[in-house]
Amino acid sequence: MRVRPLAVSWLALSCVLVLVAGSPSVSRAEIWCADALWAHEWGVVVFGASGASRTAGPRLPAHFHGPAAPSSPAATGPAVRELPPDGGERALPVLTFATAGMWEPPPIAIELGFAQGEATRWFPEVDVRRSLADVTSPASVAEHARLAAARRALQPYGARPTLGRDPSRQLAWDRLELSLAPRHPLATAGEPWVQRLRDDPRALWVNRTSSQGGESERFVFYEGQTRERPAITIERGPTYATGRRHLVLRNGSRHAVHDVFLVQREGAHVYVLSVPTIPAGATAGYVLEDHEVAAGALRGATRDALRSAIVDARQPSPPTGASWDGPDGCVMQRDPAVPVEQAGGHALFASEADVLLEAWGPRFFDANGTTLVYREDVAQLDEVMPLAIYTDMYHHVELRRLGLALVENVALP
């Protein structure tokens, strides 16, 4: 893998894995409820001595796209944001899980930004890429505000203006289609984490079709630079002494951090501290020697503990039937011009968490010296990496976002 000579960069193995719940064919037209699309994003930002970097970690396949001009024509078909809204005329399709088949694949569109850097890699090919300077210009900020106001003003039976792309986002896919099988030939996976995601039978395939063919994959990928710094710093506590090192973890950010793991390896001794949450501006103190973990208990204290924290205990795998008894109830009056832009949580399906931990577990927990891992707050992810997902009137997006931070080669005070 290429080493990128950047003082800072964002490392995100950010895979939007979209799954669709099935619905009973007989009752569909009577209930008039939009079906759920589960969109799960997970990524990792790596911090070193000079900030974020992408000098190591899971390799990226060669077929992923970079900052050069888009290599394929625009996606075919109307942009998802311009599809008809759900105004009460319900010709809703039957959707089932991937193992049962479905006869109308849902379209999605995605707009993504990096608030503190530039997009560097993505897949499939985008319909537009803008620079950070472009999306933060006064004109783009003003147009974003106008677009937000226009979305709020939309009425189910009112005049239907055409709303364009959000100019404050750097990457945009205008139309991607989900399907049970890939619609285009697959590039060689090459990397184990890509093949593992391809082997998940419950995830739908994401397809981008253009006049010259197209691309298919089990996920959408993106990463970009960032000027962020680690949220947590480590300092000596007031009772620090040789052989009894009192250390304090300080969260200096504006957001809480969660599922914090500090792993210290010193020869045959391994110390593991885990903290469920450190609120913004707060601290957590501990004595390192009080947290030594025996070799046989190390996996349970690290990988298994993190897996438990990031897997949705209530719904560890995609549901196998439609239900409108959840927190959203029966979703109606869906307008494709209005995207989902806020995540409803962080928890993944178990199969997704397993891929993440296989790819990142060794760097999280097996490195010599001191390593710090924590989960970023969902509100922080929405702020630093704004994401919008559009779909048609027959579906509604259930968005989950998991962001983990890895701080390597930590120098204890």
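Treat the numbers as computed from the prediction; the structure is a model and nothing was measured.

A.B. asks: An account of the side chain of R198 is needed here, citing residue identities and associated values.
C.D. replies: Within the secondary structure, R198 is located in helix α4 (residues 192–198). For R198, a relative accessible area of 8% translates into the label buried. At a separation of 2.8 Å, a polar atom in the side chain of R198 contacts the main-chain carbonyl oxygen of A187. Only 2.8 Å separates the side chain of R198 from the side chain of E217, close enough to count as a polar contact. Apart from the residues lying within four places of it in its own chain, the contact partners of R198 are H63, L186, A187, T188, A189, W205, E217 and R218.

A.B. asks: Any chance you could break down the sheet that holds strand β11 (residues 232–236) for me, citing the residues and the numbers?
C.D. replies: One open sheet accounts for three strands, arranged β11-β12-β15; its pairing is antiparallel. The open sheet has two edge strands with one neighbour each: β11 and β15 (283–287). The average undirected angle you get between the axes of adjacent strands in this sheet is 25 degrees. Pairing analysis gives five bridges linking β11 to strand β12 (residues 246–251), with the strands arranged antiparallel. By the bridge assignment for β12, T233 is matched with R250.

A.B. asks: Would you mind going over helix α3 (residues 138–152) in detail, with residue names and values included?
C.D. replies: Helix length check: α3, at 15 residues, gives a terminal C-alpha distance of 21 Å against a target of 21 Å (1.5 Å per residue), a fit within 8%. Within α3, burial applies to S140, L147, A150 and R151. For α3, the angular spread of the buried residues around the axis is 95 degrees, confining them to a single face. Residues of α3 that are exposed and point over 90 degrees away from its buried face: P138 and R152. The inward-facing, buried residues of α3 abut β4 (107–112), α2 (132–135) and β17 (387–391).

A.B. asks: With reference to specific residues and values, describe unusual backbone geometry.
C.D. replies: Negative phi characterises most residues that are not glycine, and trans characterises most peptide bonds. Cis geometry is adopted by the peptide bond preceding P124, which originates at F123 and carries an omega value of -5 degrees. Tracing the backbone shows P124 in the loop between β5 (119–123) and β6 (128–129). One non-glycine residue with positive phi stands out, namely N409, at about 55 degrees. Summarising the element assignment, N409 is placed in the segment after β18 (395–407). Using a relative accessible area of 68% as the deciding quantity, one classes N409 as exposed.

A.B. asks: I'd like a description of the nonpolar core, backed by residues and values.
C.D. replies: One finds W193, L306 and F364 to be the most contacted residues of the largest nonpolar core, which totals 34 residues. Of all elements in the fold, only β2 (35–48), α4, β13 (257–266), β14 (269–278), α6 (303–310), α7 (350–365) and β18 reach the threshold of two or more residues within this core. Ranked by residues supplied to this core, first place goes to α7 with eight residues. In this structure, L171, W173, V384 and L399 belong to the second largest nonpolar core, which totals 25 residues.

Reading the values: rules and limits
- Residues numbered from 1 in each chain as written.
- Predicted model: local features only at pLDDT ≥ 70, side-chain atom pairs only at ≥ 80, totals over all residues.
- Heavy atoms only, no water.
- Helix = DSSP H or I, 4+ residues; strand = E, 2+ residues; numbered from the N terminus.
- Buried < 20%, exposed > 50% of the residue type's maximum accessible area, 1.4 Å probe, protein only.
- Polar contact = N/O pair within 3.5 Å; in protein donor to acceptor, adjacent residues only side chain to side chain.
- Contact = heavy atoms within 4.5 Å.
- Pairing = 2+ DSSP bridges.
- Axes fitted to C-alpha atoms, helices over the stretch in contact; angles between N-to-C directions.
- Expected span 1.5 Å × (residues − 1).
- Arc of directions from axis to C-beta.
- Core = buried A, V, L, I, M, F, W, Y, C linked by side-chain atoms within 4.5 Å.

Read these as layout, nothing more, since geometry by itself doesn't imply function.
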